[in-house]
Amino acid sequence: MNLKKIIINSLLLAIGLILHQIAPPLLFGMKPDILLTMMFITILISKDYKLALIISIASGILTAATTTFPGGQIPNVIDKLITGQIVYLMFKITDKKLNNQFQMGLVSVIGTVISGTIFLGSAFYIFGLPAPFSILMYTVVLPSTIVNTLVGVVLYNAIQLALKRTAY
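Our subject in this report is the structure included herewith. (Residues numbered from 1 in each chain as written. Predicted model: local features only at pLDDT ≥ 70, side-chain atom pairs only at ≥ 80, totals over all residues. Heavy atoms only, no water.)

## What to know about helix H3 (residues 49–66)
Heads up, the condition is: Note on conventions: DSSP H or I runs of at least 4 residues are helices, E runs of at least 2 residues are strands, and numbering of each starts at the N terminus. To estimate how far a helix should reach, multiply one less than its number of residues by 1.5 Å. Three exposure classes are used, based on accessible area relative to the maximum for each residue type with a 1.4 Å probe and protein chains only: buried under 20%, partly exposed in between, and exposed over 50%. Two residues qualify as a contact provided that any one of their heavy atoms is within 4.5 Å of a heavy atom in the partner residue.
Here H3 is 18 residues long and its end C-alpha atoms lie 26 Å apart, about the 26 Å a rise of 1.5 Å per residue gives. Leu-51, Ala-52, Ile-55, Ser-56, Ser-59, Gly-60, Thr-63, Ala-64 and Thr-66 are the residues of H3 that are buried. On its buried side, H3 packs onto helix H1 (3–22), helix H2 (34–46) and helix H4 (73–93).

## Examining helix H5 (residues 100–126)
Taking 1.5 Å of rise per residue, 27 residues should cover 39 Å, and H5 covers 37 Å from first to last C-alpha, within 8% of that figure. Directly after H5, the chain includes Gly-128, whose backbone phi takes a positive value near 100°.

## Quick word on the nonpolar core
Rules: Put simply, buried Ala, Val, Leu, Ile, Met, Phe, Trp, Tyr and Cys residues joined by side-chain atoms within 4.5 Å make one nonpolar core.
Counting residues in each nonpolar core, the largest one holds 25 residues, and the members touching the most others are Ile-41, Ile-43, Val-87, Phe-91, Met-104 and Ile-159. Elements supplying a minimum of two residues to this core: H1, H2, H3, H4, H5 and helix H6 (133–165). In terms of residues, this core owes the most to one element, H2, which gives 9 residues. If we ignore the near neighbours within four places in the chain, the residues touching Ile-159 are Leu-12, Met-38, Ile-41 and Ile-45. Counting 9 residues, the second-largest nonpolar core is a separate cluster that includes Phe-69, Leu-120, Leu-129 and Leu-136.

## With respect to the packing of aromatic side chains
Quick note on the threshold: Two rings belonging to Phe, Tyr or Trp (six-membered ring only in the last case) form a pair when the distance between their centres is within 6.5 Å. Interplanar angles under 30 degrees mark stacking, angles over 60 mark edge-to-face geometry, and anything in between is tilted.
Scanning the entire structure with this criterion turns up 3 aromatic pairs. Ring plane angle 65° and centroid distance 5.4 Å describe the contact between Tyr-49 and Tyr-88, whose orientation is recorded as edge-to-face. One end of the pair, Tyr-49, is in helix H3; the other, Tyr-88, is in helix H4, with 39 residues separating them in the sequence. On the numbers, 5.0 Å between centres and 75° between planes, the contact of Phe-69 with Phe-119 is edge-to-face. Of the two residues, Phe-69 sits in the loop between H3 and H4 while Phe-119 sits in helix H5, which places them 50 residues apart along the sequence.

## A few points about the environment of Asn-100
Looking at where Asn-100 falls in the secondary structure, it is placed in helix H5. Along the sequence, Asn-100 and Thr-117 sit 17 residues apart, while their C-alpha atoms lie 25 Å from each other. Those residues in contact with Asn-100 that lie beyond four places of it in its chain are Leu-44 and Tyr-156.

## Some details on the pattern of salt bridges
As a reminder, the rule being used: One speaks of a salt bridge when a side-chain nitrogen belonging to Lys or Arg is within 4 Å of a carboxyl oxygen belonging to Asp or Glu.
For the structure shown, the criterion picks out 4 salt bridges. Asp-79 serves as the salt-bridge partner of Lys-80, at 2.9 Å between the closest nitrogen and oxygen. The buried category is assigned to Lys-80, whose relative accessible area is 0%. Note on Asp-79: relative accessible area 1%, which makes it buried. In this structure, Asp-95 and Lys-96 form a salt bridge, with 3.5 Å as the shortest nitrogen-oxygen distance. According to the relative accessible area criterion, Lys-96 is exposed, its value standing at 77%. Connected via shared salt-bridge partners are Asp-33, Asp-79 and Lys-80.

Geometric values such as these leave the question of function open.
Here is the structure:
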């Protein structure tokens with residue numbers, strides 16, 4: 001791990017936190033998790049397992065601190081920790097087979113669904129859910145998947161352009 005990668009990853013997570021805070025609610029006051037999208041991007045850019053683990057933990061803590069879901073602090077940390085590891089493996093498996101834009105879109109779709117499922121499942125077992133699991137999947141997770149995928153591809157392209165211009 002070098003300091004330059006850590007600083008860039010920290011900045012990207014901070015940007016993701018700000019975007020997560022200003023994102024408007026979709027349905028029933030639930031907001032898409034833009035920080036999750038930035039977590040995916042930072043894992044793709046870093047290509048290092050140790051950094052992916054640190055990114056996952058930091059994303060979980062940041063999301064837990066800003067969640068609007070009742071009792072969502074612990075499920076957020078669990079969700080980001082598990083999702084980060086799965087996403088890292090998906091990036092490693094598809095690394096040489098797909099171009100980075102398609103890879104980012106595919107992993108955003110699958111990663112967001114996995115993240116939402118883990119979050120809702122852990123929230124269900126730890127605290128209970130304010131609505132049935134299937135309804136929350138259809139009304140929150142699936143719309144968030146669409147938003148996160150679109151935002152993820154756009155942000156990834158912008159970040160790649162910025163990194164090229166700064167000779168990263």
